[in-house]
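Breakdown of the fold
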Amino acid sequence: MYLFASLTKLILSLPLVKHFNRKRIMYGKFQQFLNDELTNIESAGLYKRERIIKTPQKANICVNEGEETLNFCANNYLGLSDNSRLIEAAKKTLDSRGFGMSSVRFICGTQDLHKQLEAAVSEYFRTEDSILYGSCFDANGGLFEPLLAEDDAIISDALNHASIIDGVRLCKAKRYRYANADMDELERCLQEAQSQRYRIVATDGVFSMDGNVAPMDKICALAEKYDALVMVDESHSAGVVGPTGRGVAELYNVYGKIDIFTGTLGKSFGGAMGGFTTGHKEIIDLLRQRSRPYLFSNSLAPAIVGASIEMFRMLRESDELHTRLTDNVTYFRERMTAAGFDIKPTQSAICAVMLYDAKLSQVFAQRMQEKGIFVTGFYYPVVPKGQARIRVQLSAGHETAHLDKAIDAFVKTGKELNVIK
């Protein structure tokens, strides 16, 4: 016993242990603050918990301990996340180009495949050039600061994605904000911004929480009237809206009027990861010189690039997946509306089932999972306070039987919780 006590005293006297104990004391007050914050989040019903998936991402998945469920909350709009053709393309690229790049693009991180994928993005959006990023968050975060300065203006929709908001914050340009898709407010902002050198209107193509599409025809008309550039984030619209799913430019026939598109490879386009900016060649060239997420982040992994090139080939060959998605959205929306649910108007694959109360949205989602339907309740700060909802995301991978099972579960849960009669 004496020997153990002596050894313990000796260990505690070592410099490293003393340093560790000092760090623990220094951390103590901050640790208590963090615990208090987490407790407040929990008591408010806002704590987010991850649910573990044990299968590939697809319409029917296994979660937790092998529990089978239907997935209605993924961004897998075209059902490509587990597509065998893309998986095979990724495997072939692993064999031919390796696992990772271990470098940024301008040092030694650019393969021929990166340039091929950028060309495929440009062809898809009918633009002059494209630049790849690790994510669309990086694309938006690295967009504004290299292009605009203190004497310029950014005019942003109030419901724009957090990545656009953060990108704007990193830029010194004067900021204006207009209410979601409110063209009168946008026009007032454009009028006020006439004293700035350059102006750019920034908007999501589809707003991810409500599912509504930005009125790009009106936005482009106002931008032309007041001499402004137009930027649109196509993350939730590319592959989804438009006659063949090519996004808002196709939907509103405003090709040539949108100066900058940003988007992701992580939703409709295979669901892996990666983002891009595409537009006028001079804009893209300047981003290659100055955009910090591009300059200081590793290149996209070859397997993702190879599979993404194959994905664009698939979309050129057929519109079958987009047609199937459109049919599924129409079927689900009409049946849910007929059942009495409050669903925000949508032209996209996002159907926001409004519940308004944060705790109710969590309880509702849990009851749905008990019935074999995987959905998520969204509440503040992801959506405004008092606007909690279940965001349903449809996929080309869903079959009619999947939709019917989900609708039946919604109806039963809605009646159990007095959401519908």
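Just so we're clear, the structure is a prediction, and the values are computed from it rather than from any experiment.

1. Concerning the sheet that holds strand β2 (residues 67-71)
- The mixed open sheet is built from three strands, whose spatial order is β1-β2-β11. If you trace the sheet from one side to the other, it starts and ends with β1 (60-63) and β11 (373-374), each paired once.

2. Observations concerning the packing of aromatic side chains
- Tallying each qualifying case throughout the model produces 13 aromatic pairs.
- Centre to centre, the rings of F269 and F312 are 5.1 Å apart; their planes meet at 55°, and the pair counts as tilted. Taken together, the residues span a long stretch of sequence, with F269 in the loop between β8 (260-264) and β9 (275-279) and F312 in helix α14 (residues 302-317) at a distance of 43 residues. The burial state of F269 is the same as that of F312; both residues are buried.
- The interplanar angle of 70° and the centroid separation of 6.3 Å between the aromatic rings of F332 and F410 together place this pair among those described as edge-to-face. In this pair, F332 is assigned in helix α15 (residues 320-338) and F410 in helix α17 (residues 400-416), connecting sequence segments 78 residues apart.

3. Describing the nonpolar core
- Formed by 86 residues in total, the largest nonpolar core has its most connected members in M216, I258, F269 and F410.
- In terms of residues, this core owes the most to one element, α14, which gives eight residues.
- Setting aside residues up to four positions removed in sequence, M216 forms contacts with T203, V230, V232, V248, Y252, V254 and I258.
- One finds I131, L148, I164 and Y294 within the second-largest nonpolar core, a separate group that totals 20 residues.

4. Concerning the layout of surface pockets
- In this model, the second largest pocket occupies a volume close to 280 Å³.
- Lining of the second largest pocket is provided by 18 residues; of these, L80, S81, G270, G271 and A272 occupy positions nearest its centre.
- Counting residues per element, the ones that place at least two in the lining of the second largest pocket are α3 (84-97) and α14.
- It is α14 that contributes the most residues to the lining of the second largest pocket, four residues altogether.
- Split into classes, the residues belonging to the lining of the second largest pocket amount to 12 nonpolar, six polar and no charged.

5. Here's the deal with helix α5 (residues 112-125)
- Helix length check: α5 (14 residues) gives 21 Å between terminal C-alpha atoms against 20 Å at 1.5 Å per residue, within 8%.
- Within the sequence span of α5, burial applies to L113, H114, L117, E118, A120, V121, S122, Y124 and F125.
- At the C-terminal side of α5, R126 shows a positive phi close to 60°.

6. As for empty space enclosed by the protein
- Going through the model one piece at a time under the given rule, you end up with one cavity of 30 Å³ or more.
- A volume near 30 Å³ is recorded for the largest cavity.
- Of the residues belonging to the lining of the largest cavity, the class tally is three nonpolar, four polar and two charged.

Rules behind the numbers
- Residues numbered from 1 in each chain as written.
- Predicted model: local features only at pLDDT ≥ 70, side-chain atom pairs only at ≥ 80, totals over all residues.
- Heavy atoms only, no water.
- Pairing = 2+ DSSP bridges.
- Helix = DSSP H or I, 4+ residues; strand = E, 2+ residues; numbered from the N terminus.
- Phe/Tyr/Trp six-rings, centres within 6.5 Å; stacked < 30°, edge-to-face > 60°.
- Buried < 20%, exposed > 50% of the residue type's maximum accessible area, 1.4 Å probe, protein only.
- Core = buried A, V, L, I, M, F, W, Y, C linked by side-chain atoms within 4.5 Å.
- Contact = heavy atoms within 4.5 Å.
- 1 Å grid on protein atoms, 1.4 Å probe; cavity = no way out; pocket = protein on both sides within 12 Å on 5 of 7 lines; lining within 4 Å.
- Points joined across faces, edges and corners; volume = space filled by probe spheres on them.
- Nonpolar A, V, L, I, M, F, W, Y, C, P; charged D, E, K, R; others polar.
- Expected span 1.5 Å × (residues − 1).

Function cannot be read off these values alone, since they describe shape.
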